[in-house]
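Per-entry structural report
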Amino acid sequence: MLPKALRARLTVSRRGVLNIMLGTLCGQVLVLAGTPVLSRLYDPADFGIFTITVTLAATVSTVAALRFELAVPLPRAEPDAYALVFLGLLSAASAAVLGTLGVALLGGRIAEAFNEPELRSWLWVVPGLAAVMAAVVVLNQLAARHRRYAAIGCRNLYQAVGTVLAQVSAGFAGVQSGGLIVGQGIGQAVAAASLVRGGGFSGSAASAGAAPARLRRCAVSYRRFPILLAPSGLLNILGGQLPVLIIAYCYGATVAGWLGLTQRVLAMPVALVGAAVAQVYLAEFSRVVRDDPAHAQVLFRRASRLLAVVAAAGGLIVLMAGPTLFPLVFGQRWNASGGYAQALAISMATQFVAAPLSQTLIVLNRQAMQFAWDAVRFVVVTGAVTVAALLGWSDHAAVWALGTTSALLYLVNWLVAHRALRRERDGDPARPQVPVSASSGVR
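Here the structure is a predicted model, which is why all the values come from computation and not from measurement. (Residues numbered from 1 in each chain as written. Predicted model: local features only at pLDDT ≥ 70, side-chain atom pairs only at ≥ 80, totals over all residues. Heavy atoms only, no water.)

Along the protein chain, the regular secondary structure elements total 16 helices and zero strands. Put simply, the protein chain has 443 residues, and 57% of those count as buried. Considering only residue pairs separated by 6 or more positions, the protein chain has 87% of its internal contacts joining residues 24 or more positions apart. When the accessible area of the protein chain is evaluated, it comes to approximately 17,800 Å², of which 68% is carbon and sulfur surface. (Helix = DSSP H or I, 4+ residues; strand = E, 2+ residues; numbered from the N terminus. Buried < 20%, exposed > 50% of the residue type's maximum accessible area, 1.4 Å probe, protein only. Contact = heavy atoms within 4.5 Å. Areas by Shrake-Rupley, 256 points an atom, 1.4 Å probe, with all protein chains shown as cover.)

A few words on the packing of aromatic side chains. Applying the stated criterion to the full structure yields eight aromatic pairs. Residues phenylalanine 114 and tyrosine 249 carry aromatic rings whose centres are separated by 6.4 Å and whose planes lie at 85° to one another, so their mutual orientation is edge-to-face. With a gap of 135 residues between them, phenylalanine 114 in the loop between α3 (78–113) and α4 (117–123) and tyrosine 249 in helix α10 (residues 224–251) connect regions that are remote in the sequence. Overall, phenylalanine 114 belongs to the buried group, its relative accessible area being 12%. A relative accessible area of 53% places tyrosine 249 in the exposed class. The interplanar angle of 45° and the centroid separation of 6.0 Å between the aromatic rings of tyrosine 222 and phenylalanine 225 together place this pair among those described as tilted. The class for tyrosine 222 is buried, based on a relative accessible area of 6%. We classify phenylalanine 225 as buried; its relative accessible area is 0%. (Phe/Tyr/Trp six-rings, centres within 6.5 Å; stacked < 30°, edge-to-face > 60°.)

This part takes up the pattern of salt bridges. For the structure on display, the rule yields four salt bridges. Across the salt bridge formed by glutamate 69 and arginine 67, the nearest N and O atoms sit 3.4 Å from each other. For the pair glutamate 69 and arginine 67, one class covers both residues: buried. In this structure, glutamate 78 engages arginine 145 in a salt bridge whose closest nitrogen and oxygen atoms are separated by 3.2 Å. Remark: arginine 145 occurs in helix α5 (residues 125–145) and glutamate 78 occurs in helix α3; sequence separation between them is 67 residues. (Salt bridge = Lys/Arg side-chain N within 4 Å of Asp/Glu carboxyl O.)

Attention shifts here to the nonpolar core. Nonpolar side chains in soluble globular proteins tend to end up buried together. Ranked by internal contacts, the top residues of the largest apolar core, which has 62 residues, are Leu84, Tyr222, Phe225, Tyr281 and Phe285. Top element by residues in this core is α3. It accounts for nine residues. Those residues in contact with phenylalanine 285 that sit more than four places away from it in its chain are Ala296, Leu299, Thr360, Val363, Leu364 and Leu421. (Core = buried A, V, L, I, M, F, W, Y, C linked by side-chain atoms within 4.5 Å.)

We now examine unusual backbone geometry. Trans peptide bonds make up most of the peptide bonds, and negative phi angles are found at most residues other than glycine. Positive phi values are uncommon outside glycine, yet leucine 66 reaches one of about 55°. Turning to its location among the elements, leucine 66 is positioned in the loop between α2 (44–64) and α3. Unusually for a residue other than glycine, arginine 67 sits at a positive phi of about 65°. Among the secondary structure elements, arginine 67 is positioned in the loop between α2 and α3. Residue classification places arginine 67 among the buried residues on the basis of a relative accessible area of 6%.

As structure tokens, then:
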């Protein structure tokens, strides 16, 4: 029998998941409805330029806030949480400035490497887009800390509305690949604005958190996040994004466009359920570890069962029907995307389960485990795609290599989180005795 306080928290968690899922469902329905339109307004090469640009921005955004966003749910003192938010936002703004200088110096070489001259003009968008994406994550963590799950759901809806309307409008105007990129930026800006308004970014605690002395103290207290977790986070994101860039480099923008559309569609169920569970899980798991650690494993197991059921059903549908559904829904020129979806189906299912629950390692101070997994994933997945390209395998074979190795590594990730939680329950003597507020991890 669970304690009354924990049952109440689980009830709040379920309501939070439903609030986030409702907003996300409406947004993803809009994205799903808009994607067949976009697939007819833009050709695969346009999607290829878009995929390369957004992949670069997503990579930078992961470390732009120096991982201070991961610490936002942890402090007991509310002003400290706001200080971490401000540190993350300041870091993201600094990253945008440095990124712009990098584009000025290396933009031409990057475009030449991909043999896409059109890419050079859109590389200027990458630093700003990355900074806004990082700001959204930081503000989202603040909303999750305050259990403002309805605000998170609204953010998901507003972001989808802004993105799809801008991309479709630009497509009808004939802007081509730039329309997809600008639309992505507009959607992220709308999301950030909605979180500033509805995510609890106000009040006396926020003013106290902006004090220079508190900012310095929190920067020192939570220095493990930028020092240890930024490199780990970079490895983590490169493990997922660098193979896409390698495929774009080796097989061209059209193949990158086919892969980009596939990932866009397969990301929808992950965004709908997986992201909702992840946001609530981190906030609630942090509270349980602080106040009732004996029942932390209950949350992990319940979340695992929920995610596994949905993942199995979705993965089976994509595996069996992907090659038929993609050309039917998006048009015959996207026939290759159906084969890519089949290759990535199992990877999608395992990511759907493992990624939200990997946040267990954040709270349990198992940063070494997460860093090791990130490093192994980076080497194995990137190596598999690189070897496939060097051996002259087809683009489909390279995507199968990406999907198979990713699935295996996500399974390992879940096992690592489960083992860490079990050792925590049993009282692992090797675990560093660090307070939760100073713990670190990634994801």
